[in-house]
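# Geometric and topological summary
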Amino acid sequence: MPSLGRRRANALPSDLGVCGWLESAPPLPPARRLEGTVEADCVVLGAGFTGLAAAHRLTVLRPSWRVVLIDAKRAGGGASGRSSGFVVDAASFIAAMPPAQASRVVRLSRQGIDALRTRVAEDGINCDWDERGWIHAAAGDEGCRSLASLEDWLDQSNMPYEVLDSAGMASAVGTSFYQRGIRLPGSVLVQAGALAHGLATRLPPTVTLFEESPVTSIALGNGYRLRTARGEVRASRLIVALNAWAPNLGILQQRLFPLLTFGSLTRQLTAGEQAGLGDRDTWGILAQDPMGSSVRRTADQRLLIRNEIHYDRRVRCSEDRLQAAQQGHRTALAARYPALADVPFETTWAGPMGAVPNLRPFFGRLGEGAATTGGFTGAGIAMGTALGRLTADLVCGEDSPALADALALEGPRWLPPQPFLGMGIKWRVRQMNASAGDCL
Ligand SMILES: Cc1cc2nc3c(=O)[nH]c(=O)nc-3n(C[C@H](O)[C@H](O)[C@H](O)COP(=O)(O)OP(=O)(O)OC[C@H]3O[C@@H](n4cnc5c(N)ncnc54)[C@H](O)[C@@H]3O)c2cc1C
């Protein structure tokens with residue numbers, strides 16, 4: 001169990017680029033910043049999908065509790081609203097996991113999807129929720145090998161899927177770039193920024209959301225005290241949902257590390273440009289090649305490209321880095337859709353994943369009445385939602401088969417301390433970006 005003593009944070013970098021999802025999502029009301037001292041029964045730190053799920057679940061389990069949810073930025077402004085919006089149950093890496101772990105991950109992810117589906121339907125969240133199924137696709141040898149083992153795994157698990165050969169891929173998504181794909185019925189696509197904003201604006205009234213209030217330290221003593229520049233939250237229970245930023249507060253330092261990845265959205269395509277883009281008006285392609293691009297045709301007829309990774313332990317991103325990422329997105333667009341190679345990108349952004357080398361998230365206690373989860377790498381919308389909800393169960397002392405599943409997850413393996421960790425990650429990231437080659 002990682003322990004929680006006094007923790008101090010470095011200042012958060014402000015600029016990760018403008019994210020088109022967040023820009024076009026229904027706006028949040030003006031931010032309420034933390035000022036003065038606030039008492040709560042439970043404080044949730046971090047208002048991404050994980051923290052939003054934890055805060056909501058607390059209101060169901062303990063309707064009389066005062067819950068504070070606090071974020072350094074706007075809700076969803078971390079990885080959550082910047083993500084590509086593939087709500088994953090059978091992730092690309094699932095077949096590489098030991099069977100018991102894989103079953104737990106799928107069960108938990110589906111609970112996350114169910115929870116999100118319920119919130120979207122009950123609260124009328126307009127986020128382009130689409131359950132028609134997206135495509136796992138392979139363009140290179142490694143991707144094809146990995147896709148074959150995913151197909152074996154789906155067969156063994158009796159999960160239905162539809163195989164698309166290269167001609168099938170071309171008619172589905174309008175490019176001959178891919179050799180093979182499988183469509184998973186029931187897998188979900190969303191506008192990630194709209195989902196995050198929708199969840200944040202529909203929190204029950206017992207949750208007080210403070211935004212633009214970076215927590216600078218956490219102290220133990222008669223409960224937990226979280227300090228910001230102008231205020232303090234005191235609570236007897238604490239849920240930490242910082243994901244990639246957890247190590248910045250000295251939490252899960254030896255378990256996960258931040259990795260930036262990048263997205264771009266084009267301008268809206270003209271009717272002529274949309275012709276020949278496949279048999280559906282929206283779709284998503286998730287690369288089975290480890291460094292391949294995620295590609296989406298969005299509901300408002302833009303193309304989204306996500307690729308490349310970059311390591312900075314403070315989660316900083318320079319303008320040059322964003323420009324280089326946009327160039328990588330242009331290369332990927334041109335390789336798939338030569339006729340659209342010059343369509344301008346309107347926004348390019350970075351987002352921080354909480355990465356773990358063995359792709360196993362952390363879930364567990366952090367101290368008396370405190371819990372945390374994180375390390376979802378590139379598949380955290382469903383998993384973060386599921387495990388965020390279960391952190392609430394954990395601090396409330398609830399018991400359930402789902403909580404048993406979460407506690408039985410094999411967590412991330414131990415990482416070496418800095419500076420060795422940083423040196424190792426930088427070396428590996430260089431290797432991985434270089435190996436992307438033709439699958440980019
Ligand atoms: C570009 C990109 C594409 C992705 N695509 C997908 C996808 O298609 N499907 C998928 O499942 N996953 C995807 N992911 C991963 C997914 O976005 C994350 O796993 C998930 O959003 C994690 O949610 P979270 O709430 O745990 O973390 P976050 O959303 O990062 O939330 C953490 C919050 O903590 C806040 N915070 C940090 N430090 C402090 C502090 N000191 N004080 C107060 N608040 C603080 C941050 O501002 C942030 O809002 C993607 C990630 C990126 C970056």
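Our subject in this report is the structure included herewith. (Residues numbered from 1 in each chain as written. Predicted model: local features only at pLDDT ≥ 70, side-chain atom pairs only at ≥ 80, totals over all residues. Heavy atoms only, no water.)

Now for the site of the ligand. Among the 34 residues in the neighbourhood of the ligand, the closest are listed as Thr50, Asp71, Ser80, Phe86 and Val215. Note that an oxygen atom of the ligand is positioned 2.6 Å from one of the side-chain N or O atoms of Ser80. One nitrogen or oxygen atom from the main chain of Gly85 is found 3.3 Å from an oxygen atom belonging to the ligand. When isolated, the ligand has an accessible area of 1,000 Å², and the protein chains bury 99% of it. Of all the secondary-structure elements, those providing two or more residues to the shell around the ligand are helix H2 (49-61), helix H3 (79-82) and strand S17 (345-355). Here the shell around the ligand is built from residues that sort into 16 nonpolar, 14 polar and four charged. (Near = heavy atom within 4 Å. Polar contact = N/O pair within 3.5 Å; in protein donor to acceptor, adjacent residues only side chain to side chain. Areas by Shrake-Rupley, 256 points an atom, 1.4 Å probe, with all protein chains shown as cover. Helix = DSSP H or I, 4+ residues; strand = E, 2+ residues; numbered from the N terminus. Nonpolar A, V, L, I, M, F, W, Y, C, P; charged D, E, K, R; others polar.)

Right, let's get into the environment of Gln191. On the secondary structure map, Gln191 appears in the loop between strand S8 (188-189) and helix H7 (192-201). The spatial distance from the C-alpha of Gln191 to the C-alpha of Asn126 is 8.8 Å, given a sequence separation of 65 residues.

Let's shift gears to the nonpolar core. Counting residues in hydrophobic clusters, the biggest one holds 64 residues, and the most contacted among them are Leu58, Leu69, Trp153, Leu195 and Leu387. Counting residues per element, this core draws most heavily on helix H10 (residues 381-396), at 10 residues. When near neighbours in sequence (up to four residues on either side) are disregarded, Leu195 contacts Phe49, Leu116, Val120, Ile125, Cys127, Val190 and Ile381. Listed in part, the 35 residues of the second largest apolar core include Leu45, Ile70, Cys317 and Phe362. (Core = buried A, V, L, I, M, F, W, Y, C linked by side-chain atoms within 4.5 Å. Buried < 20%, exposed > 50% of the residue type's maximum accessible area, 1.4 Å probe, protein only. Contact = heavy atoms within 4.5 Å.)

This paragraph deals with the sheet that holds strand S5 (residues 135-138). The sheet built from eight strands is open, its strands ordered S6-S7-S5-S14-S15-S16-S13-S17 with mixed pairing. Each edge of the open sheet carries a strand with a single partner, namely strand S6 (162-165) and S17. Averaged over neighbouring strand pairs, the angle between their axes works out to 20° when direction is ignored. In this structure, S6 lies alongside strand S7 (residues 180-183), joined through four bridges in antiparallel fashion. In the strand pairing of S7, Leu164 is matched with Gly181. Packed onto the sheet, helix H9 (residues 319-336) meets strand S13 (257-266), strand S15 (294-297), strand S16 (303-310) and S17 and runs at close to 130° relative to S16. (Pairing = 2+ DSSP bridges. Axes fitted to C-alpha atoms, helices over the stretch in contact; angles between N-to-C directions.)

To continue, consider the packing of H10 against helix H11 (residues 401-408). Between H10 and H11, the shortest axis-to-axis distance is 10 Å and the interhelical angle comes to 105°. Here H11 runs roughly perpendicular to H10, going by the angle between their axes. For the pair H10 and H11, contact is made by Leu387, Leu390, Asp393 and Leu394 and by Ala402, Leu403, Ala406 and Leu407, respectively. Of the residues in the contact of H10 with H11, the class split is seven nonpolar, no polar and one charged. (Parallel < 35°, antiparallel > 145°, perpendicular 65-115°, else oblique.)

Considering all chains together, one arrives at 24 salt bridges under this definition. The salt bridge involving Arg66 is made with Asp41; its shortest N-O contact spans 3.4 Å. Placement of Arg66 in the loop between H2 and strand S3 (67-70) and of Asp41 in strand S2 (residues 36-45) is noted, with a sequence separation of 25 residues between them. Residue classification places Arg66 among the partly exposed residues on the basis of a relative accessible area of 44%. Across the pair Arg227 and Glu232 runs a salt bridge whose closest N-O atoms are separated by 2.7 Å. The class of Arg227 is partly exposed, set by a relative accessible area of 26%. The class for Glu232 is buried, based on a relative accessible area of 8%. Via salt bridges that share partners, Arg104, Arg107 and Asp405 belong to a single interconnected network. (Salt bridge = Lys/Arg side-chain N within 4 Å of Asp/Glu carboxyl O.)

Before going further, it helps to spend a moment on unusual backbone geometry. Residues Gln418 and Pro419 are joined by a peptide bond in cis, for which omega reads 5°. Along the polypeptide, Pro419 turns up in the loop between H11 and helix H12 (420-435). Residue Glu308 is not a glycine yet carries a positive backbone phi of 70°. A relative accessible area of 15% means that Glu308 is categorised as buried.

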